[in-house]
Amino acid sequence: MLTGSEVLTTAQMRAIESAAMASGQVTGLELMERAGGAVAGHIRLRWPKAGCVTVLCGPGNNGGDGYVVARLLHRAGWRVRVLGTDNMPGPDAAEMKRRWAAIGGIGPLTERGLQGGPESDVYVDAIFGTGLTRQPEGETASILARIFGRGGDGAYHCSRVVAVDCPSGLCMDSGKAPALPPGLGTFDSPARLTVAFDSPKPGHLIGLGPMLCGELIVADIGLKQWRERNLASRGRRRVRLEAIWPRFDIPDARRIEFSLTDRLGKHPFASQHKYSHGHALVLAGGPAKGGAARLSARAALRIGAGLVTLAPPQDALPEYSSPPDALMRRALDDGDALRGALDDTRINAACIGPGCGIDRAAALLAVLLPTGRRTVLDADALTALSQDPGLMAALHGRCILTPHGGEFARLFPDLVEKVEASQWPAYSKLDAAREAAARCGAVVLLKGPDTVIAAPDGRARIHSAFDIPWLATAGAGDVLAGIITGLLARGFQPLDAASLGTLIHAKAARLFGPGLIADDLPDMIPQVLRDLA
C-alpha cells in the first residue's frame, strides 16, 4: 500500500526508462528533451529575468540533458556558455550535443575553463547523474571541488547552482558524498536547486543528500505507467520503499488516499469505550528515573490510547503521582509481577526502555517478549538487547526497535562498520536498517533527521526532515516511543505505527518551532491532529 511517494533506486529507474523506450511509445531523445525542458523551466521560474548561464555537460546522458537546457535557455533569451567533454557520448546525448553545437560553442570542461569565463547568474551541473558508480577523479574532481567544496568557491556557487538529477558525484543510493582528492577541500556546499526526474532516489533523502541537493523538485517526464506496472509480469508493481516526508506531487494510481483523521479519530459508535482504543503499559524505572517514562506515557495518552498505565517499582511509585491524572499507576517490581499484570489481555501494547534501567529492562523483557505483545523498545531496553543474545533472539514481528545511531551501533556493530566503509557504491543507512530488521525479525526505526523505518520483509519508509533541528533535544525520543506505543494500542500495524508516529512527532516539533523541549511535544499532538483534519 502506497501512502507517500515511491522512492526508486538508480537500478529501478534505469529499468523503468529502458522499459518505456522498449515499448516504442517514447524514445530516449524524447525523455531527454522532457528532462532538459523541466530543468530549463524551473530555472526560468526562479530567475524570471534572462541572464547569463554556464552549463557544465558531462560525458553521458546527464550531459545530454545539459545540452537541452542550454538550447532552451538560449531560445528564451539567456546568454549561454557551455563547457563539455570531447568524448563520444551515447547516441541520444550525441544528438543533443550536435543540436547545441549548431547554435553555440562548447568550451573544455576544465577547472581553468570554468574560472576563465564571465561570472554567471546560474551554473547548471549536468556532469554526472544518478548512474555514477565510481568516485570522480582528475579534472572533474577539481571542478566539483570548485563548485561544491568549501576549499573552492562553494560559498559563491551554492546560491547559483542548479543540479540536473543530483549534484554530480553524490551517490544516489546512499546519500554519500565523494571523497575529493587531498588538497581539494570537502564536498559540502549545497546546490540552490536540484531537479530530479519521475521519482526521488534514496540519495536525495538520506545521508548528505538533503543538504547537498538544496531545494528538491521531482519533475514528471511521462514514465508513470511504467513505474506503476510490474515490468516482469502482469499487474501493478509492489512498492518496497516510500517517502512519507517530504511530500511530493507525483501522480501514482497505487497510492491509497485516506484521511488520517478517520484512522486516528474516535467515532461515536454505541459499542465504543476506552478499551476499544487499547491499553498501553509503560514500564518505568526506579527512583529519580521517572521523567522519560512519564513523557512516553503522556504521549501515548495524547495520541488516543484508551488507557495508559505507568508501571514503576513500588519504591518509586510516589514519584509518578504528578499530573496528568488520566494516567493510571501500578507498581511492578519484577518479572513475576509483570507476568501477573499481563494476565489482563486488555493490555495490548507496551513501551519499555525510557528511564527503565538496563538491568530492570533485561529482567522485564525476558517476561514480556515471549507473550508476543506489541512492544516498543527504546533506550535502556536496546542496551539490554545488545548485551543478551537470548533477548535478541526473542524479538518478534510485533516489536519495534527505535535506536539512535549510537544504540544502533551497539546492536549491530558490523552493519555500522559497513556504512562507515568508503567503498563505492556505498552501503547506506537504508541498507543497514533493512538488514537489521531482517536479522532481528522486528521493525527497526533508525532515528535521525533522515529517519529510516524498515520491516523484516524488506519494506521501508523514509522520513527526511532536516528543517527541524530543534527536535534534537533530551527526551524527544521518549515522546516518539510513547506516540508509537499509543498507536500500537489503537490497533495500527507495527510498520504503520512507527511511520505515522514519526510523522506526527515531527509535525508537532515543526508546529512548536525553536525553543522546543520534549515536554512540549505531547501537548502539541492535539493541534497536529486538528491540522490533519
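Everything here concerns the structure above.
About the criteria used
All residue numbers here refer to positions counted from 1 along the written sequence of the relevant chain. The model is predicted, so local features are restricted to residues of pLDDT at least 70 and side-chain atom pairs to those at 80 or more, both for listing and for counting; the totals for chains, interfaces and linings are taken over all residues. Only hydrogens and water are set aside when side-chain values are computed; all heavy atoms of the structure are taken into account. Strands here are runs of E lasting at least two residues and helices are runs of H or I lasting at least four, both read from the DSSP assignment and numbered beginning at the N terminus. C-alpha atoms define the radius of gyration in this analysis, and the globule rule sets the expected value at 2.2 Å times the number of residues to the power 0.38. Remark: exposure states derive from per-residue accessible area (1.4 Å probe, protein chains only) relative to the maximum for the residue type, with buried under 20%, exposed over 50%, and partly exposed in between. In this analysis, two residues are considered to be in contact whenever any of their non-hydrogen atoms come within 4.5 Å of each other. Per-residue and other accessible areas were derived by the Shrake-Rupley procedure at a 1.4 Å probe size, with only the shown protein chains allowed to occlude residues. A positive count includes Lys and Arg, and a negative count includes Asp and Glu. His and the chain ends are not counted in either. The location of each charge is read from NZ of Lys, CZ of Arg, CG of Asp or CD of Glu. Strands are labelled as partners when DSSP assigns at least two bridges between them. Between N-to-C directions, angles span 0 to 180 degrees; the directions come from axes that are lines fitted to C-alpha atoms, helices contributing only their stretch in contact. Each angle gets one of four labels, with under 35 degrees taken as roughly parallel, over 145 as roughly antiparallel, 65 to 115 as roughly perpendicular, and the rest as oblique. Residues are grouped as follows: Ala, Val, Leu, Ile, Met, Phe, Trp, Tyr, Cys and Pro are nonpolar; Asp, Glu, Lys and Arg are charged; every other residue, Gly included, is polar. Buriedness for pockets is judged along seven lines, at least five of which must meet protein on both sides within 12 Å for an open set on the 1 Å grid over protein atoms alone, while cavities are sets there where a 1.4 Å probe fits but cannot get out, and lining residues have an atom within 4 Å of a point. Grid points are joined across faces, edges and corners, and a volume is the space filled by probe spheres set on the points. Nonpolar side chains (Val, Leu, Ile, Met, Phe, Trp, Tyr) within 5 Å and like charges within 9 Å form the patches, drawn only from residues with over 30% relative accessible area and no salt bridge. We define a salt bridge as a side-chain nitrogen of Lys or Arg found within 4 Å of a carboxyl oxygen belonging to Asp or Glu. Here is the rule: rings of Phe, Tyr and Trp (six-membered ring for Trp) pair when centre to centre is within 6.5 Å. Planes less than 30 degrees apart are stacked, more than 60 are edge-to-face, and the remainder are tilted. Our definition puts a charge over a ring when NZ of Lys or CZ of Arg is within 6 Å of the ring centre and also within 35 degrees of the ring normal.

J.: It is not clear to me how the overall build of the protein should be interpreted in this structure. Could you clarify?
T.: Secondary structure summary: the protein contains 22 helices and 18 strands in total. Here the protein has a C-alpha radius of gyration of 26 Å; the compact-globule value for 533 residues is 24 Å, and the two agree. Structurally, the protein occupies a C-alpha span of about 85 × 50 × 40 Å along its principal axes. Of all 533 residues assigned to the protein, the portion counted as buried reaches 55%. A sequence separation of at least 24 residues applies to 74% of the contacts in the protein between residues at least 6 apart. In the form shown here, the protein has an accessible surface area of approximately 21000 Å², with 53% of it arising from carbon and sulfur atoms. Distance between charge centroids for the protein: 5 Å, based on 58 positive and 54 negative side chains.

J.: Before we go on, may I ask you to explain the pairing of strand β6 (residues 161–164) in this structure?
T.: One face of the sheet, then the other: side chains in a regular strand alternate in exactly this way. Across the two faces of β6 the burial is the same, with Val-161 and Ala-163 and Val-162 and Val-164 all buried. Bridge analysis of strand β5 (residues 122–126) against β6 gives 3 bridges, and the strand direction is parallel. Note on β6: the bridge partner recorded for Asp-125 is Ala-163. As paired elements, β6 and strand β7 (residues 193–197) share 3 bridges and run parallel to each other. Of the residues in β7, the one forming a bridge with Val-164 is Val-195.

J.: Looking at this structure, how should I read the packing of helix α21 (residues 494–512) against helix α22 (residues 520–532)?
T.: Two quantities define a packed helix pair, namely the angle between the axes and the distance from one axis to the other. Running from N to C, α21 and α22 cross one another at 100°; their axes reach a closest spacing of 8 Å. For the element pair α21 / α22, the angle class is roughly perpendicular. In this structure, α21 uses Ile-504, His-505, Lys-507, Ala-508, Ala-509, Leu-511 and Phe-512 to contact α22, whose residues at the interface are Asp-520, Leu-521, Met-524, Gln-527, Val-528, Leu-529, Asp-531 and Leu-532. Class assignment for the residues of the contact of α21 with α22 results in 10 nonpolar, 2 polar and 3 charged.

J.: Got a minute to help me understand the sheet that holds strand β8 (residues 215–219) in this structure?
T.: Hydrogen bonds along the backbone pair up the strands of a sheet, which may run parallel or antiparallel. Taken together, 7 strands build an open sheet; the order of strands is β4-β3-β2-β5-β6-β7-β8 and the sheet is parallel. In this open sheet, the two strands that pair with only one neighbour each are β4 (107–108) and β8. Strand direction decides the pairing type here: strand β2 (residues 52–57) and strand β3 (residues 79–84), joined by 5 bridges, are parallel. By the bridge assignment for β3, Cys-52 is matched with Arg-79. Relative to β7, helix α2 (residues 28–46) is tilted by about 150°, and along the sheet it contacts β5, β6, β7 and β8.

J.: When you look at the layout of surface pockets in this model, what are you seeing that I'm missing?
T.: Vacant regions in the atomic arrangement are exposed by a probe of water-molecule size rolled over the atoms. Its boundaries defined by the atoms lining it, the largest pocket holds a volume of some 640 Å³. Around the largest pocket, the lining is made up of 27 residues, and of these Glu-17, Asn-61, Asn-62, Thr-130 and Asp-165 lie nearest the centre. Looking at the lining of the largest pocket, the elements that each hand over two or more residues are α1 (10–22), α2 and α3 (61–75). In terms of residue count, α1 provides more of the lining of the largest pocket than any other element does, 5 residues in total. Along the lines of polarity and charge, the residues of the lining of the largest pocket split into 11 nonpolar, 9 polar and 7 charged. Of the volumes computed, that of the second largest pocket is approximately 510 Å³. In this structure, the second largest pocket is lined by 28 residues; those nearest its centre are Lys-447, Gly-448, Leu-471, Ala-476 and His-505. Those elements that provide at least two residues to the lining of the second largest pocket are α15 (380–387), α20 (476–489) and α21.

J.: Honestly, a negative patch on the surface in this entry has me stumped. Any pointers?
T.: A cluster of acidic residues, Asp-315, Glu-319, Asp-333 and Asp-334, forms a negative patch at the surface. For Glu-319, the location among the structural elements is in the loop between β11 (307–311) and β12 (328–329). In this structure Glu-319 comes out as partly exposed when scored by relative accessible area, which is 34%.

J.: Can you walk me through the packing of aromatic side chains in this structure?
T.: Here a ring pair, both rings aromatic, is described through the centre-centre distance and the interplanar angle of the planes. Taken as a whole and judged by the stated rule, the model has 1 aromatic pair. With centroids separated by 5.1 Å and ring planes inclined at 45°, the aromatic side chains of Phe-408 and Phe-412 adopt a geometry described as tilted. Phe-412 matches Phe-408 in its accessibility class, with the two residues each being buried. Over the ring of Trp-47 we find Arg-192; its NZ or CZ atom is 4.7 Å from the centre of that ring. If you follow Arg-294 out to its NZ or CZ, it ends over the ring of Tyr-320, 5.6 Å from the centre.

J.: In this structure, what is going on with the pairing of strand β9 (residues 241–245)? I would like to understand it.
T.: Across the 5 residues of β9, 5 count as buried, placing the element largely inside the fold. Judged from the 2 bridges that link them, strand β1 (residues 5–6) and β9 form a sheet pairing that is antiparallel. Residue pairing in the sheet places Ser-5 in a bridge with Ala-243 of β9. In this structure, β9 lies alongside strand β18 (residues 460–464), joined through 4 bridges in parallel fashion. Counterpart to Leu-241 in the pairing with β18 is Ala-460.

It is worth stressing that arrangement in space is one thing and function is another; only the former is reported here.
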